[in-house]
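Spelled out from the first residue to the last, the chains are:
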Amino acid sequence: MSDTGAGGTRTPHAGDDAAADDNVVDLLMRQHGDIRNLFDEVETTSGDARRDAFRRLVRLLAVHETAEEEVVHPFARRNVTGGEQVVAERLEEERLAKETLAELDGMDPEDPGFLPKLLLLRTDVQKHARAEERYEFTHILRTADPAGLAAMAKAVKAAEATAPTHPHPGVESGAANLAAGPLAALMDRTRDAVRKAMGGS
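Conventions we followed
Residues numbered from 1 in each chain as written. Predicted model: local features only at pLDDT ≥ 70, side-chain atom pairs only at ≥ 80, totals over all residues. Heavy atoms only, no water. pLDDT = per-residue confidence, 0-100. Helix = DSSP H or I, 4+ residues; strand = E, 2+ residues; numbered from the N terminus. Contact = heavy atoms within 4.5 Å. Phe/Tyr/Trp six-rings, centres within 6.5 Å; stacked < 30°, edge-to-face > 60°. Buried < 20%, exposed > 50% of the residue type's maximum accessible area, 1.4 Å probe, protein only. Core = buried A, V, L, I, M, F, W, Y, C linked by side-chain atoms within 4.5 Å. Axes fitted to C-alpha atoms, helices over the stretch in contact; angles between N-to-C directions. Parallel < 35°, antiparallel > 145°, perpendicular 65-115°, else oblique. Left-handed = near helix turned anticlockwise from the far one by under 90°. Nonpolar A, V, L, I, M, F, W, Y, C, P; charged D, E, K, R; others polar. Salt bridge = Lys/Arg side-chain N within 4 Å of Asp/Glu carboxyl O.

Attention now moves to the confidence of the model for the chain. Per-chain confidence: the chain averages 78 in pLDDT, with 76% of residues scoring 70 or above. The secondary-structure element of the chain with the lowest mean pLDDT is helix α6 (residues 174–178), recorded at 35, while helix α1 (residues 24–44) shows the highest, at 95. Within the model, the stretch residues 1–18 combines pLDDT values under 50 with 45 contacts to residues more than four positions away or in other chains.

Here it is, written out as C-alpha cells:
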C-alpha cells in the first residue's frame, strides 16, 4: 500500500515496486531510504502538503520501528556477539526518537519551532539507522539462511499492512504498552500482525 500526498506526490512503501521482498535486509534498507525521502518532503513543503508528508513519515517510522523490535532485535540478541548490549543501545535510540516524534506530532507543522525539532529528529533517526545497518543488518546477512530472511521479510510486510499512524514512546516494553491507551493499542495491533506472520500466537 502507498500514500499519495498533496499535488500527487507519492512516497512508496517497501514492497510497492513489486519486488519479491524475500530478503528482510533489502526491505528494511528500502524503508530507510523512504524515511530519508519523507524527511526531505516535510522539510521542503509547507501547509497541507507538509502536514500530509509528516503524517506519512510518522506512519512509516512507527511501522519500521515496530517491525524491528519484533524481528531484527530478537535475531540480534540470539546471533550477534554482545547482542543484548547492541539491542539495548538501539532501543534507547528508538525511545528517544519516539519521544521527539510524539512532541512533533502535537505541534502545528507551521509552528516556528517545528522544523528545528524535526532536524534534531532526523539527525537521531539517521544515526540510529546507521547503527542498525552496521551492528544488526550485517549480522543478519551473514547468519540467516534464505528461508529465514524471507520469513522476517514477511513479518515486516505484515507490519506495513497494519499501518499504524502514530508512535508511542515506551512501546519497547510490552507491559507498559498494554497500559498506555489507544495509540499504544494501534502499535499492539501491528505487533500482533508481525508475530502472526512469524508463526507465533
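Enumeration according to the criterion identifies 1 aromatic pair in this entry. Taking 5.2 Å as the distance between ring centres and 85° as the angle between the ring planes, the aromatic pair formed by F54 and F114 counts as edge-to-face. Of the two residues, F54 is situated in helix α2 (residues 47–79) and F114 in helix α4 (residues 114–143); the sequence distance between them amounts to 60 residues. You'll find F54 and F114 in the same group, each marked buried.

Grouped together as the largest cluster of nonpolar side chains are 21 residues, with contacts concentrated most on V24, I140 and M152. Those elements giving two or more residues to this core turn out to be α1, α2, α4, α5 (146–162) and α7 (182–197). Sorting elements by how many residues they give to this core places α5 first, with 7 residues. Not counting the four nearest positions on each side in its chain, M152 is found in contact with V24, V71, F75, I140, A144 and M198. Grouped together as the second largest cluster of nonpolar side chains are 17 residues, F54, V58, L60 and L61 included.

Turning our eyes to something else, we now look at the packing of helix α3 (residues 83–105) against α4. A pair of packed helices is captured by two measures, namely the crossing angle of their axes and the spacing between those axes. Relative to each other, α3 and α4 sit at 160°, their axes nearing to 10 Å. When the axes of α3 and α4 are compared, the pair comes out roughly antiparallel. Between α3 and α4 the crossing geometry is left-handed. On α4, the residues that touch V86, V87, R90, E93, E94, A97, T100, L101, E103 and L104 of α3 are F114, K117, L118, L121, V125, H128, A131, E132, Y135 and E136. Counted by class, the contact of α3 with α4 contains 11 nonpolar, 2 polar and 7 charged residues.

As a further point, take the environment of D40. Along the chain, D40 falls in helix α1. By relative accessible area, D40 is classed as partly exposed at 35%. Sequence-wise, D40 and A53 are 13 residues apart; in three dimensions their C-alpha atoms are separated by 9.3 Å.

This paragraph deals with the pattern of salt bridges. In total, this model carries 15 salt bridges according to the counting rule given. One salt bridge connects R122 with D40, and the closest N-O pair in it is separated by 2.8 Å. You can see R122 sitting in helix α4 and its partner D40 sitting in helix α1, a full 82 residues away along the chain. When its relative accessible area of 13% is taken as the criterion, R122 is described as buried. Several salt bridges share partner residues, and in doing so they unite E41, D52, R55 and R56 into one network.

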